[in-house]
Amino acid sequence: MAHDTSYTDQDFKIVGSRPPRPDGIDKVTGRARYGADVSAPGQLVGRVLRSPHAHAKIRKIDTSRAQKLKGVKAVITSKDLPDLTEGNRGNYDILENCMAREHALYDGHAVAAVAAVDEQTARKALKLIKVDYKVLPHVTDVDAAMQDDAPVVQPHIQHDGKPSNICNVSQFGHGDVEAGFAQADVIVEKTYKTEQTHQGYIEPHACLASVGPDGQGELWVTTQGHFTVRNLCASLLGMDIAKLKVTSSEIGGGFGGKTHIWTEPLALALSRKANLPVKLVMSREDVFKGSGPTCSTSMDIKIGAKKDGTVTAASATLRYHAGPHPGPWGMLGGMTAWACYDFENVQSIAYDVLVNRPKVAAYRAPSAPMAAFGVESTMDLVAEAIGMDPVDFRIKNAAKEGTRASYGPTYGPIGIGPTLEAVKNHPHMRARLGKNQGRGMACGFWFNFGGQTCTDLNIGVDGSVNLTVGTVDVGGARASMSLIAAEELGIPYDQVKCNVGDTASLGHNDTTEGSRGTFSSGMATIFAARNAIEEMKARAAKTWEIDIEDIEWRDGAAHAMGMQHSNLAPLSLAEIAGASPGTGGPIAGHNEVVADGAGVSFASHICDVEVDPETGATRVIRYTVVQDAGKAIHPDYVEGQFQGGAAQGIGWALNEEYVYGEDGCLQNPSFLDYRIPVCSDLPFIDTEILEIPNPNHPYGIRGVGETSIVPPLAAIGNAVSSAVGVRLDHTPMSPPRVLKAIKEKQAGG
Amino acid sequence: MPRVGLSGQHREAADGAASLDIEASTIRELLAILVQRYPRMQRHLDEGLAVSINGEIYRDNRDMVIPETAEVFLLPRIQGG
């Protein structure tokens, strides 16, 4: 049944309340089962051998001694993963990243894997594998990789007719930027750099794979997208999709880093070879070296403005590293860079560049935080140059309904203006600052999207409801989906139990990325519930022997309408369900939908910092997030998303950084040396939810999971720069970098 | 007839055109005509395309109806985290 996805401005009875999440007790008591928490009889331990070189030709791999070791049940190399990609370069790149073939392309690239009866034997076996490498020149810096004489990471990629690390050039914008700059009273131009960071999810990648001799397999895995894992693994291993069942475990954080496959095909291949289940859990070092962190970047940003605050032109040249395989990361930076503003002349040129670092994966609003760091820092510099309040300057130039976005389309109703007005009027902006303290603010944008979604709703004979969704619960989605089902059916929240279904239970669901979970599964849940209501009305009609058109559903019950039926007492959902065996059998609602029209999202953040001028250490002392949610289904978890994005942004801005040595090897693959923020590093992060309904969702929902990480780098950069009186242009703004900037200023540099 | 805006690599694939008038009533028809007229567009279709209709981005729904006077913009397929 087709349903209208338009916003209806309905009054809610349950949506918008804050009941406890159904998975909460399990998570705080340790009952919840994550990727590494499931075992199978006879399971083996899988371990991966990784390249110690940044770039090398693999001349030979000798696994004979490892295979002979007692307790080793399988050893695999790329020969056990033949190329079945049939010319699909994207899939070949995934295959090559999961297991190196002729070349090791970065420090940590998988080159072989073993399955053994225990951890000790597996580790011993790895040491017995002899790899004959020919070390090749490497490049890990994005700017160096663009030079003509840089080592080429993938010779088949060409730019300007010759092998190059520049794998993609994207351009967006409109108007005439040169003419616009000619009209400007003030032009500010500055170069920025951001270092590579990791999503830092606490749960490492983990899976349990089992493939039998009949070619059927099962995979238990921590992932944001078990349907995507199934499709990719089946394709790479030559399995039928229907014969590989993938179940997503609870997920201990993903933030984009669990949208791809890494060791999962290796675990399946080991299991297939050993004919036993194989559990493969990454160490933290494996996660840093062998999963998918975000990009490092360098950027040139230029903005011209009139003295009255009108921006006449803006341009950005963005260089994003992609790791050893092409990706869309620079392109996304180019699309998002100027999306908050209504500029007549605007341009972004974005380069995706290959380097000898791990394959880049998405990280919450991928690529937008770095571009925002450059753009929002420069916006502050322009405001300062023309003597205008930075919030007023942004308000004057903010995009609004009808603005042509810098990446092409024209906006519908959007929330950047309201978030800026909320910031301007927020008490935070009027709080007094102390010595060595500074305040900054910044804006951010993310697209959001929906995608393929499939949901089942089954009503038990006691009237309780099982809701099965295919989007992974990464941030309280089961509570939100239960609220939506309860709202539609007119029953209490506690009467609904929401589950995440495995790949054999539902039709395809796209990965939980792009802030799509609540938007798309929420839409499918509404429609599944409405389908179930139609069935319940039919059962009531049968019971009463009246026309279904004479029945309406409200307050959790079928009501017969009209004076002629006034003697019929309402039939509750539980009564209809209880009678269902005799009225036609089980009652269920189902929906499959391509949920498009997700509605873009904007946020504005305020940040206060205090900088120790002797050490350069920065402490965030107050932080406020204002963001448009469209409609907050469960406000606690919307606020949680706002706070989580800000917390990760604080770490990115101040401390987190992949540090590479001259040898091209990662120097800090542990949480001892790669410093993510802990509770004591963070202030309470205040939030303000704005609700500007998305016209393309019945409840007005927009995604909320990603935009909150876009402004922090710039907001903190503006605050630190204000505190120390010198512009910080390189993240992380770690103590050595801040101290260096202070000393250069003191030296008159 | 909808006018389709293009930027970046899509513009290059369409021989430099910033916009095109294409007689199409759905996204599926639009993309078929684009590839027929500009074969180099096939690569972008394979890599993933999205279509914005009056500001709303459609990644997957090829049956989406394009109103006669709609503003249409071709975009790369977006990935998220």
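What counts as what
Each chain carries its own residue numbering, running from 1 in the direction its sequence is written. For naming, the first written chain is A and the first written ligand is 1, with later ones following in the order written. Restriction of local features to residues with pLDDT of at least 70 applies here, the model being predicted, together with a cutoff of 80 or more for giving and counting side-chain atom pairs; totals for whole chains, interfaces and linings are based on all residues. Working definition of a contact: two residues with C-beta atoms, positioned from the backbone, lying within 7 Å. Here a helix means four or more residues in a row that DSSP labels H or I, a strand means two or more in a row labelled E, and each is numbered from the N terminus. Residue polarity is assigned by list, with Asp, Glu, Lys and Arg as charged and Ala, Val, Leu, Ile, Met, Phe, Trp, Tyr, Cys and Pro as nonpolar; anything else, Gly included, falls into the polar class. Defined on buried residues, the nonpolar core groups Ala, Val, Leu, Ile, Met, Phe, Trp, Tyr and Cys residues joined through C-beta atoms within 7 Å. Exposure classification rests on a simple neighbour count of other C-beta atoms within 10 Å of a residue's own: a residue reaching 20 or more is buried, one at 12 or fewer is exposed, and one in between is partly exposed. C-beta atoms are placed from the backbone. In this analysis, strands are considered paired if DSSP registers two or more bridges between them. Fitted lines through C-alpha atoms serve as axes, helices being fitted only where they are in contact, and the angles separating the N-to-C directions of these axes extend from 0 to 180 degrees. By definition in this entry, angles of less than 35 degrees are roughly parallel, angles greater than 145 are roughly antiparallel, angles of 65 to 115 are roughly perpendicular, and the rest are oblique.

Chemist: Help me out: how do you make sense of the interface of chain A and chain B in this one?
Modeler: Accessible area lost upon the coming together of the parts serves often as the stated size of an interface. With 32 residues of chain A at the contact, the number on the chain B side is 21 residues. Listing elements by their share of the side of chain A that touches chain B, those giving two or more residues are strand E9 (166–174), helix H10 (329–336) and strand E19 (451–459) of chain A. No other element matches the three residues that E9 of chain A contributes to the side of chain A that touches chain B. In terms of residue class, the side of chain A that touches chain B is made up of 15 nonpolar, 13 polar and four charged.

Chemist: Looking at this model, I keep getting lost on the nonpolar core. Mind explaining?
Modeler: Grouped burial of nonpolar side chains is what soluble globular proteins tend to show. Residues and elements named next belong to chain A. With 247 residues, the main nonpolar core has Val114, Leu219, Leu266, Leu270, Ala485, Ile716 and Val720 as its most contacted residues. Counting residues per element, this core draws most heavily on helix H15 (residues 517–544), at 11 residues. Ignoring anything within four residues of it in the chain, the contact list for leucine 266 reads Gly46, Val48, Ile76, Cys98, Met99, Ala110, Ala113 and Leu280.

Chemist: How do you make sense of the sheet that holds E19 of chain A when you look at a structure like this?
Modeler: Residues and elements named next belong to chain A. What the four strands build is an open sheet, ordered E21-E20-E19-E25; its pairing is mixed. The sheet is open, and its two edges are formed by strand E21 (496–500) and strand E25 (587–595), each paired on a single side. Neighbour-to-neighbour, the strand axes of this sheet turn through a mean angle of 15°, independent of strand direction. Sheet topology note: the E19/strand E20 (residues 465–469) ladder contains four bridges and is antiparallel. Each bridged residue has a counterpart across the sheet, and for aspartate 456 the counterpart in E20 is threonine 468. Running over the sheet, H15 touches E19, E20 and E25 and is turned about 145° from E25.

Chemist: Looking at this structure, I do not really get unusual backbone geometry. What am I missing?
Modeler: All names here are of chain A. The peptide bond linking threonine 731 to proline 732 adopts the cis configuration, its omega dihedral lying at 0°. By the element assignment, proline 732 lies in the loop between strand E29 (730–731) and helix H20 (735–746). The phi angle at aspartate 9 is positive, at roughly 55°, despite the residue not being glycine. The residue aspartate 160 is not glycine, and still its phi comes out positive at about 55°.

Chemist: Would you mind going over the sheet that holds strand E11 (residues 206–211) of chain A with me for this structure?
Modeler: Backbone-to-backbone hydrogen bonds join strands into a sheet, with any given pair of strands oriented parallel or antiparallel. All names here are of chain A. Strand order across the open sheet formed by seven strands is E3-E5-E1-E14-E11-E12-E13, with mixed pairing between neighbours. Since the sheet does not close on itself, it has two edges, and those belong to strand E3 (72–76) and strand E13 (244–248), each with one partner. Neighbour to neighbour, the strand axes of the sheet diverge by 20° on average, direction disregarded. Relative to strand E5 (residues 110–116), E3 runs antiparallel, the two sharing four bridges. Looking at the pairing, valine 72 lines up with alanine 116 of E5.

Chemist: Explanation requested: the pairing of strand E1 (residues 44–50) of chain A in the structure shown.
Modeler: Along a regular strand, successive side chains alternate from one face of the sheet to the other. Residue and element names in this part refer to chain A. For E1, the buried fraction is high: seven of the seven residues fall into the buried class. The alternating pattern of E1 places Leu44, Gly46, Val48 and Arg50 and Val45, Arg47 and Leu49 on opposite faces, both of which are buried. Alignment of E1 against strand E14 (residues 278–281), held across three bridges, turns out to be parallel. Considered in E14, the bridge of valine 45 is made with lysine 279. Inspection of the sheet shows E1 paired to E5 by six bridges, in the antiparallel sense. Residue pairing for E5: valine 45 is matched across the bridge by alanine 116.

Chemist: Before we go on, may I ask you to explain the packing of helix H11 (residues 368–386) of chain A against helix H12 (residues 390–397) of chain A in this structure?
Modeler: Angle between the axes and distance between the axes are the two parameters that describe a pair of packed helices. Residue and element names in this part refer to chain A. Remark: H11 packs on H12, axes separated minimally by 9 Å, with the N-to-C direction vectors making an angle of 105°. Judged by the inter-axis angle, H11 sits roughly perpendicular to H12. Counted together, Met379, Asp380 and Ala383 of H11 and Pro390, Phe393 and Arg394 of H12 form the full contact between these two elements. Residue classes in the contact of H11 with H12 are distributed as four nonpolar, no polar and two charged.

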